[in-house]
Structures are given as structure tokens and as C-alpha cells.
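# Descriptive analysis of the structure
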Amino acid sequence: MSSSSGVFLLSTTGQIETAEFPGFDYIYCKYCYMYGLDWVVTAGLEEGISQVGRCSNDERRLFVWNFPLEITFKSTNPFGWPQLIISCYGLDTFGNDVVRGYGVCHLPTSPGKHTKLVPMFVPESTSLLQKMTAWLTGRRPEYVDPRVLAQGEGREVTRVRSQGSVKVSFNTVTKDFESLGYQNLSAMPTVTSVGALTSHMDELSIE
């Protein structure tokens, strides 16, 4: 696509590689994307679901999925930069399908190979009675739409606790950023912590 079209491209391939969820087994994951109104998906899949993975028998105790990711966006504005939302599920003691963790991270803002370790968390019941009821009925707290994780509104009233982590690798290609007046600093280091993503979003700046 030529620069005269007035858009830039962001293309990402990669894998949801492994996960750590101590004390659990038989876990699978789902993914989807959240992005701004100015962004359009031109190729690839916006959501998917992996196979069920078992915990490895070695000391690492890893779940290995190597679940492929591939998507291409076009936009004229970096506002609403795409975010990958991961939801992991497994079976509890009674055979109910329950959430094991949610996580979210921005897609890399610079071209090249990147690896991110995404911390996962689960919603908590607000009272002891609700916790007991959820355990007995198998209806654990979970989000109706995981895309709410990529938005700030209402997050402050949600009680969560940390539970596990997921390793994701990305291979990112960008095109026509400079033609629209954006400076893409490809020399910036890879971000491996979701907590540092906000500060690194300054990699895209208007000249």
C-alpha cells in the first residue's frame, strides 16, 4: 500500500507460547483484540481458542501451547493502539469450566522480534458468602466480555488477585509511519513487563 493512501500499517505474527499456573492442570486459552475506532483489521484473525494443555512433568511446570497469532491493522492515528487480551480457562474439582486468568498487553510499537511476559489475574468475590456460593455452584466471578480489560472505565471497582503468567512472542512489521509524520523508534529495547508498557507507548511521537 502506498504512502499516498494516508494510512500506516501494523502487521504482527507470533505465538502464545507457554504459561505458568501453579497448582492447576488442563488449561486452554482464548485471545481477542481491542483497538481504537480509527483502526481497521485488513488481514488475519481477531480471536481464537487454543488446544487444552497439560502441565509439563519437569520442574518448570509449564503449559505449552505455541498457539499462532497473525493480524494486520491499518490506521491514520496511533491513538487506541491495539491490545491483545488473553483469557485462560480450566476445570475445577467438580468439572466446571472456570476462568484461570486474564491478561492484556499492547502489541509492540516498534518493528522486530519481541517477547512479553503477561501477568494474569482473576476476579475476586467481594464477600466471604459470595466466595462460598461461587465455590459450591461452580459459578466463579468472570467478565462477560474480556475486552473490558483494555478499557479504564470501571476497572477501579473490580477486585482481582494475581494468578499465573503467559509468555507471548511477536514479530512486528510497520509501514508508512514516517509519511504521516510519526517517528517510529525501532532501536528501543523490547518490553518484557506489562507494567512498563505505558511509558514505552511514547515510542510513537509526532515530529
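This section reports on the structure supplied with the text. (Residues numbered from 1 in each chain as written. Predicted model: local features only at pLDDT ≥ 70, side-chain atom pairs only at ≥ 80, totals over all residues. Heavy atoms only, no water.)

## Quick notes on the overall build of the chain
A count of helices and strands for the chain gives two helices and 11 strands. Reading the secondary structure of the chain in the N-to-C direction produces β-β-β-β-β-β-β-β-α-β-β-α-β. The buried share of the chain, reckoned over its 207 residues, is 42%. If you take every contact in the chain between residues at least 6 apart in sequence, the share linking residues at least 24 apart comes to 74%. If you sum the accessible surface of the chain, you get close to 11,000 Å²; carbon and sulfur atoms cover 54% of it. (Helix = DSSP H or I, 4+ residues; strand = E, 2+ residues; numbered from the N terminus. Buried < 20%, exposed > 50% of the residue type's maximum accessible area, 1.4 Å probe, protein only. Contact = heavy atoms within 4.5 Å. Areas by Shrake-Rupley, 256 points an atom, 1.4 Å probe, with all protein chains shown as cover.)

## Structural notes on the pairing of strand S5 (residues 63-75)
One ladder, built from 11 bridges, connects strand S1 (residues 8-20) with S5; its direction is antiparallel. Looking at the pairing, leucine 9 lines up with lysine 74 of S5. (Pairing = 2+ DSSP bridges.)

## A closer look at the nonpolar core
Ranked by size, the top nonpolar core spans 30 residues in total, and within it Ile16, Trp65, Leu84, Ile86, Cys88 and Val166 carry the most contacts. Elements with a minimum of two residues in this core: S1, strand S2 (27-34), S5, strand S6 (83-91), strand S8 (112-123) and strand S9 (160-175). Looking at which element gives the most residues to this core, the answer is S5, with six residues. Beyond its immediate sequence surroundings of up to four residues, cysteine 88 is in contact with Phe21, Ile27, Tyr28, Cys29, Trp65, Val98, Val99, Arg100, Gly101, Met120 and Val166. Of all hydrophobic cores here, the second largest spans 11 residues; its members include Tyr28, Cys32, Tyr89 and Phe121. (Core = buried A, V, L, I, M, F, W, Y, C linked by side-chain atoms within 4.5 Å.)

## Examining unusual backbone geometry
In this model, tyrosine 26 sits at a positive phi of 55 degrees, which is unusual for a non-glycine residue. In this structure, tyrosine 26 sits in the loop between S1 and S2. The phi torsion at arginine 61 lies on the positive side, around 55 degrees, for a residue other than glycine. In this fold, arginine 61 is placed in the loop between strand S4 (47-49) and S5.

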